Amino acid sequence: MQVPAEPNIDPCDFRDMVNLAIPGPNYVNKTVKPHTNLNIAAWEAYAPVYLEHDPTLLDQLTWGFPTGVPQEAILSVPFTNHTSARRHPHIVEEYINKHLRTKALYGPFNANPLDIDIIVSPLQVAFSRSGKARVCNDLSFGDHSVNDSISSTWSEYPGYYGDLSLPTADDLIQAILDIGPGAMLWKTDFSAYYKQLNIDLAQINTLAFAFDNKIYFESRLPFGLRSSCLNAQRVTTAAIRIYNSKSPSFATGYVDDIVGCSLNVVARRDYDLFWQVTDDLGMEKTLEKCEPPAYSIVWTGLQFDTVNMEISLPEEKKDRIIALLEDWLTKNRASKTALQSLLGTLNHAASVVIIGRAFTGHILDLIKHDAFPVILGEQFKADVRFWLQFLKDSQVCKAAFKSPRTHKPDSILQISVSGNKFAIRAHDSIAYFQCDYGDKCDSAITFIHAVWMASMVFVDIFKSKWITFIVPTIRLVHTINRARAVLTELRPMVRQTWWVQAQNDFVLRAKLGSCNRFIDDCLHDCDEFETVSKDTVPEYFQC
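Here the structure is a predicted model, which means the values were calculated and not measured.

1. Digging into the overall build of the protein
Inference 1: Within the protein, the regular secondary structure consists of 19 helices and 21 strands.
Inference 2: Since a compact globule built from 543 residues should have a radius of gyration of about 24 Å, the 27 Å found for the protein is in line with a globular shape.
Inference 3: The dimensions of the protein, computed from C-alpha atoms along their principal axes, are 85 × 55 × 40 Å.
Inference 4: Looking at the 543 residues of the protein, the share that counts as buried comes to 52%.
Inference 5: When contacts within the protein are restricted to residue pairs at least 6 apart in sequence, those whose partners lie at least 24 apart make up 77%.
Inference 6: The protein carries 52 positive and 62 negative side-chain charges, and their two centres are separated by 2 Å.

2. Some remarks on a positive patch on the surface
Inference 1: A cluster of basic residues, K98, R101, K132, R134 and K289, forms a positive patch at the surface.
Inference 2: With respect to the helices and strands, the residue R101 is situated in helix α7 (residues 89-101).
Inference 3: Given the relative accessible area of 66%, R101 is considered exposed.

3. Comments concerning the sheet that holds strand β15 (residues 398-400)
Inference 1: Ordered in space as β10-β11-β12-β15, the four strands form an open sheet in which the pairing is antiparallel. On the outer flanks of this sheet lie β10 (296-299) and β15, each paired with one strand and no other. Averaged over neighbouring strand pairs, the angle between their axes works out to 20 degrees when direction is ignored.
Inference 2: Two elements, β10 and strand β11 (residues 302-305), share four bridges in a ladder whose sense is antiparallel.

4. Here's the deal with the layout of surface pockets
Inference 1: Within this model, the second largest pocket holds a volume of roughly 390 Å³.
Inference 2: Looking at the second largest pocket, it is lined by 22 residues, and the ones nearest its centre are L164, S165, Q233, T237 and R241.
Inference 3: Taken together, the elements giving at least two residues each to the lining of the second largest pocket come down to α9 (228-244) and β7 (250-254).
Inference 4: No other element matches α9, which puts eight residues into the lining of the second largest pocket.
Inference 5: Here the lining of the second largest pocket is composed, by residue class, of eight nonpolar, nine polar and five charged.

5. Quick word on the nonpolar core
Inference 1: Among the nonpolar cores identified, the biggest contains 85 residues, and F304, L339, W387, L413 and I424 are the most heavily contacted of them.
Inference 2: Element by element, the count of residues in this core is highest for helix α15 (residues 443-457), at nine residues.
Inference 3: Residues in contact with L413, not counting those within four places in the same chain, are R425, A426, A454, F458, F462, I467, T468, F469, I470 and L508.

6. Thoughts on the pattern of salt bridges
Any two side chains of opposite charge can pair, so long as their charged atoms come close to each other.
Inference 1: Per the stated rule, a full pass over the model turns up 16 salt bridges.
Inference 2: One salt bridge in this structure joins D59 and K30, with 3.4 Å as the shortest N-O distance. Of this pair, D59 sits in helix α5 (residues 57-63) while K30 sits in the loop between α2 (26-29) and α3 (40-45), and the two are 29 residues apart along the sequence.
Inference 3: Overall, D59 belongs to the partly exposed group, its relative accessible area being 27%.
Inference 4: A relative accessible area of 37% places K30 in the partly exposed class.

7. Side note on the pairing of strand β17 (residues 421-426)
Inference 1: Counting buried residues in β17 gives five out of six residues, a clear majority hidden from the surface.
Inference 2: Relative to β17, strand β16 (residues 411-418) is paired through six bridges, and the arrangement is antiparallel. The partner of Q414 across the bridge, within β17, is R425.
Inference 3: Two successive antiparallel strands, β16 and β17, enclose a turn made up of two residues, where G419 displays a positive phi of approximately 65 degrees.
Inference 4: Bridge count between β17 and strand β18 (residues 429-435): six bridges; the pairing is antiparallel. Within β18, the position partnered with I424 by the bridge is A431.
Inference 5: The antiparallel hairpin formed by β17 and β18 contains two residues in its connecting segment, where H427 sits at a positive phi of about 55 degrees.

8. Remarks on a nonpolar patch on the surface
Inference 1: Taken together, I179, L263 and V265 make up a surface patch of nonpolar side chains, about 290 Å² in accessible area.
Inference 2: Among the secondary structure elements, I179 is positioned in helix α8 (residues 169-179).

9. Looking at the packing of aromatic side chains
Inference 1: Here the structure, examined in full by the defined rule, presents 24 aromatic pairs.
Inference 2: The interplanar angle of 25 degrees and the centroid separation of 5.4 Å between the aromatic rings of F422 and F433 together place this pair among those described as stacked. A residue pair is termed long-range when its members are at least 10 positions apart, and F422 in strand β17 and F433 in strand β18 qualify at 11 residues.
Inference 3: Looking at F422, the relative accessible area reads 0%, which means it is buried.
Inference 4: Note on F433: relative accessible area 3%, which makes it buried.
Inference 5: One aromatic cluster in this structure is built from F359, F386, W387, F390 and W499.
Inference 6: Lying across the ring of F223, R134 places its NZ or CZ 4.0 Å from the centre.
Inference 7: Sitting over the ring of F529, K421 keeps its end group 5.5 Å from the ring centre.

10. Focus: α15
Inference 1: Across its 15 residues, α15 extends 20 Å between first and last C-alpha, which sits within 8% of the 21 Å expected from 1.5 Å per residue.
Inference 2: Residues A444, I445, T446, F447, I448, H449, A450, V451, W452, M453, A454 and S455 constitute the buried set of α15.

Conventions adopted
- Residues numbered from 1 in each chain as written.
- Predicted model: local features only at pLDDT ≥ 70, side-chain atom pairs only at ≥ 80, totals over all residues.
- Heavy atoms only, no water.
- Helix = DSSP H or I, 4+ residues; strand = E, 2+ residues; numbered from the N terminus.
- Rg over C-alpha atoms; globule rule 2.2 N^0.38 Å.
- Buried < 20%, exposed > 50% of the residue type's maximum accessible area, 1.4 Å probe, protein only.
- Contact = heavy atoms within 4.5 Å.
- Lys, Arg positive; Asp, Glu negative; His and termini not counted.
- Charge placed at Lys NZ, Arg CZ, Asp CG, Glu CD.
- Patch = residues over 30% accessible without salt bridge, like charges linked within 9 Å, V, L, I, M, F, W, Y side chains within 5 Å.
- Areas by Shrake-Rupley, 256 points an atom, 1.4 Å probe, with all protein chains shown as cover.
- Salt bridge = Lys/Arg side-chain N within 4 Å of Asp/Glu carboxyl O.
- Pairing = 2+ DSSP bridges.
- Axes fitted to C-alpha atoms, helices over the stretch in contact; angles between N-to-C directions.
- 1 Å grid on protein atoms, 1.4 Å probe; cavity = no way out; pocket = protein on both sides within 12 Å on 5 of 7 lines; lining within 4 Å.
- Points joined across faces, edges and corners; volume = space filled by probe spheres on them.
- Nonpolar A, V, L, I, M, F, W, Y, C, P; charged D, E, K, R; others polar.
- Core = buried A, V, L, I, M, F, W, Y, C linked by side-chain atoms within 4.5 Å.
- Phe/Tyr/Trp six-rings, centres within 6.5 Å; stacked < 30°, edge-to-face > 60°.
- Lys NZ or Arg CZ within 6 Å of the ring centre and 35° of its normal.
- Expected span 1.5 Å × (residues − 1).

So this is what it looks like as structure tokens:
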């Protein structure tokens, strides 16, 4: 399939259009209104619903989203296309032809048609697990890439002052728990979502690519641009606010993947209402990915079942991760990108395989290296083997719905720490210990010891229960609840703690607060302590 020889816009008209938008931002100056299939009139009508939360969204929807590249940024990008794009020219040609027709691309141009310098980033072709090809502009390539100049802090994006966060599985679980067993779930998906949203024409010069000696410009949010996810999520959040102005039922969306949770009697109405609202807004959807109300649904790669009230890894996803990990066992070296991809996959799976959170530490260590590729040692492969063991256990790959926000603890664990000594109390039983950890020992290290020993000493009391305990700092809350050891040497303790929880079906969670005075007094009055050491952790967890 050959690309057209002539550009889809006159070069002089394109230059004049961009010159009008410069210096930008276009959503402030409002000089050039780009073409869009969104129903801007409907967005204007619904503006009171969402502008309070995102005041600039309507203007940026109408006039184009800034890339986030500062005007003073110095960019220098090698523009030779990646090998994947050169090996699959027909896929690139298909991409170009498709988006030239919709004006998501401008071109082809024989030379730079603009009066300003352009940044030509390399193209690449990536394949999804299903084999579907995705063409994208590698805006992170080089030492001074487009993405390097864009802040990774969303609050620093031009015109956006909100505190947006991506939804998690916990959000949907909470909605299901609020309704109870038999809640109905439904799903919709926005089609080629980024290509429905315009970028600011004043910055289109930073989004060029070259193919077959011709130059093209991305006029819609490119896949791979650091700010694209933020802006797509902002639009999704606004659309859900509009829906919620008409229905109180829960809905949330991870960029283009929308899920709703409703009572049985109104589920179909809610599903149809969301379709109606997004149709009014001009948001195109992928019909084959939309699912009407059901008791079980896959959202963000996880299976939610409201009859059995559990979350699980779909068999296809589990088998795919197992194959991926077995392949990693054959490797001796890896790039940073490959390790980051592996960590992302495992972190996502850890939404279900909770114990897995404690077995990614060595992957994190490797990612922090300065030089790549890195050698994959035995410690890394031990983590991989643990994960394979977890994934092959059908009981570990599913979990009952639980929510820390509403779950009342079955038992309160009390911990008191003083130097290298600690006391732990569950029900009427108290045990006293001291750490053998030398000069490095501080309260954080002692708390890790305390939680570890509590999971061993009181395992019979804790079985099948939700246990909470108080810690004095938010750092400790994150360290304990996210299975992150303060020191690498403490990692075996964290591993064993989470292992015992999984084997005995109990949950240990920290929360911020002040310790109970009674247990403090008990620790102060005690004269005899049992000494504990990290060296007593079974060798099984030492890697």
